[in-house]
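Residue-level structure breakdown
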Amino acid sequence: MLMKTDYHVHFYLKLAKKNKAGLVPIILRLVVNGQRAEYSISRRIDPKLWNANSEKVNGNNRDAKEINDHISNLKHKLNRIHQSYIDSDTEVTVKNLMYDLRGGSNIKSKLLLAVFKEHNKRMDTLVDKDISASTASRYWACYSHLEAFIKEEYKNDDYRLNAIDYQFINKLEYYLKTVRKCNHNSTLKYINNFKKIIRIALAKMVGWKEIPSTITKPNSNP
């Protein structure tokens, strides 16, 4: 299990960025384990209307309500993203949380087994056309091994794609050889099948360039 993270979300005014109308931007500040990231929430207000204690805009007019609702929605979205990381035993970082908050979650929060199953179903339609039945069967066997591995190692029904790293591959190879009793050649075939799936998925992601170097040559040790 991952260690509990020190996680905080704050909103404040950037007074140095006052425009000609005297309005200043509202900034979201995200802090995780001492690491900080900030960005403007694309809303400006008169500094006199800001309540620093509640981190909201004073007043009940339409503009105040819209901004306060926007702030609340951002908080709730970040909390949901943060909880999804905890639920999937994924490391919580400022970079990943901010990426997901700003739109990356539509792709990066996809789950590994869901993507794998989707791929395998497409492969089934190509049997005796582009691939052999044995090839399709091997992908499903790999899926079954991976599903069992995630349940045993991470006590979960699936695993976030953006959490896959060298350690994950290393543990998977060890699991295939020890728990599933696969020989060396079979293990390498399953690893290669697996790597193909995640490369297809990760190739669609912004910022995926950090991943390939971590999944090249897994070792035999846990």
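Residues numbered from 1 in each chain as written. Predicted model: local features only at pLDDT ≥ 70, side-chain atom pairs only at ≥ 80, totals over all residues. Heavy atoms only, no water.

**Some thoughts on helix H4 (residues 133-154)**
Spanning 22 residues, H4 covers 31 Å between terminal C-alpha atoms, matching the ideal 32 Å at 1.5 Å per step. Regarding H4, the residues found buried are Thr135, Ala136, Tyr139, Cys142, Tyr143, His145, Leu146, Phe149, Ile150 and Tyr154. Count one or two residues on from H4 and you reach Lys155, which has phi positive near 55 degrees. (Helix = DSSP H or I, 4+ residues; strand = E, 2+ residues; numbered from the N terminus. Expected span 1.5 Å × (residues − 1). Buried < 20%, exposed > 50% of the residue type's maximum accessible area, 1.4 Å probe, protein only.)

**So, the packing of H4 against helix H5 (residues 166-178)**
Running from N to C, H4 and H5 cross one another at 110 degrees; their axes reach a closest spacing of 10 Å. The orientation of H4 with respect to H5, classified from their angle, is roughly perpendicular. Packed against H4, whose contacting residues are His145, Leu146, Ala148, Phe149, Ile150, Glu152, Glu153 and Tyr154, the element H5 presents Phe168, Lys171, Leu172, Tyr175 and Leu176 at the interface. Residue composition of the contact of H4 with H5, by class: nine nonpolar, one polar and three charged. (Axes fitted to C-alpha atoms, helices over the stretch in contact; angles between N-to-C directions. Parallel < 35°, antiparallel > 145°, perpendicular 65-115°, else oblique. Contact = heavy atoms within 4.5 Å. Nonpolar A, V, L, I, M, F, W, Y, C, P; charged D, E, K, R; others polar.)

**Quick look at the sheet that holds strand S1 (residues 7-13)**
With antiparallel pairing, the three strands of this open sheet are ordered in space as S1-S2-S3. Each edge of the open sheet carries a strand with a single partner, namely S1 and strand S3 (35-45). Recorded for the sheet is a direction-independent mean angle of 20 degrees between the axes of neighbouring strands. Note that strand S2 (residues 24-32) and S3 share eight bridges and pair antiparallel. Note that in S3 the partner of Leu30 across the bridge is Ala37. (Pairing = 2+ DSSP bridges.)

**What about helix H3 (residues 112-124)?**
With 13 residues, H3 extends 19 Å between its outermost C-alpha atoms, agreeing within 8% with the 18 Å of an ideal straight helix rising 1.5 Å per residue. Those residues of H3 lying buried are Leu112, Leu113, Val115, Phe116, His119, Asn120 and Met123. Within H3, the buried residues cover an arc of 160 degrees as seen down the axis, which keeps them to one side. (Arc of directions from axis to C-beta.)

**Looking at the environment of Leu74**
Summarising the element assignment, Leu74 is placed in helix H1 (residues 62-87). Taking C-alpha positions, Leu74 is 7.9 Å from Leu101, a pair spaced 27 residues apart along the chain. The residues touching Leu74, leaving out its near neighbours within four places in the chain, are Phe11, Leu28, Tyr39, Ile41 and Leu101.

**Some points on the confidence of the model for the chain**
Of the residues in the chain, 83% have a pLDDT of 70 or more, and the chain-wide mean is 83. Within the chain, strand S4 (residues 50-51) carries the highest mean pLDDT (97), whereas helix H2 (residues 94-108) carries the lowest (68). Scored below 50 in pLDDT, residues 205-222 makes 34 contacts in the model with residues more than four places away or belonging to other chains. (pLDDT = per-residue confidence, 0-100.)

**Observations concerning unusual backbone geometry**
Leaving glycine out, the prevailing phi sign among residues is negative, and the prevailing peptide bond configuration is trans. Positive phi is not limited to glycine here, since Ser42 has a value of about 65 degrees. Tracing the chain through its elements places Ser42 in strand S3. Positive phi, close to 60 degrees, is recorded for Lys181, a residue that is not glycine. Tracing the chain through its elements places Lys181 in the loop between H5 and helix H6 (184-202). Classification of Lys181 by relative accessible area gives exposed; the value is 67%.

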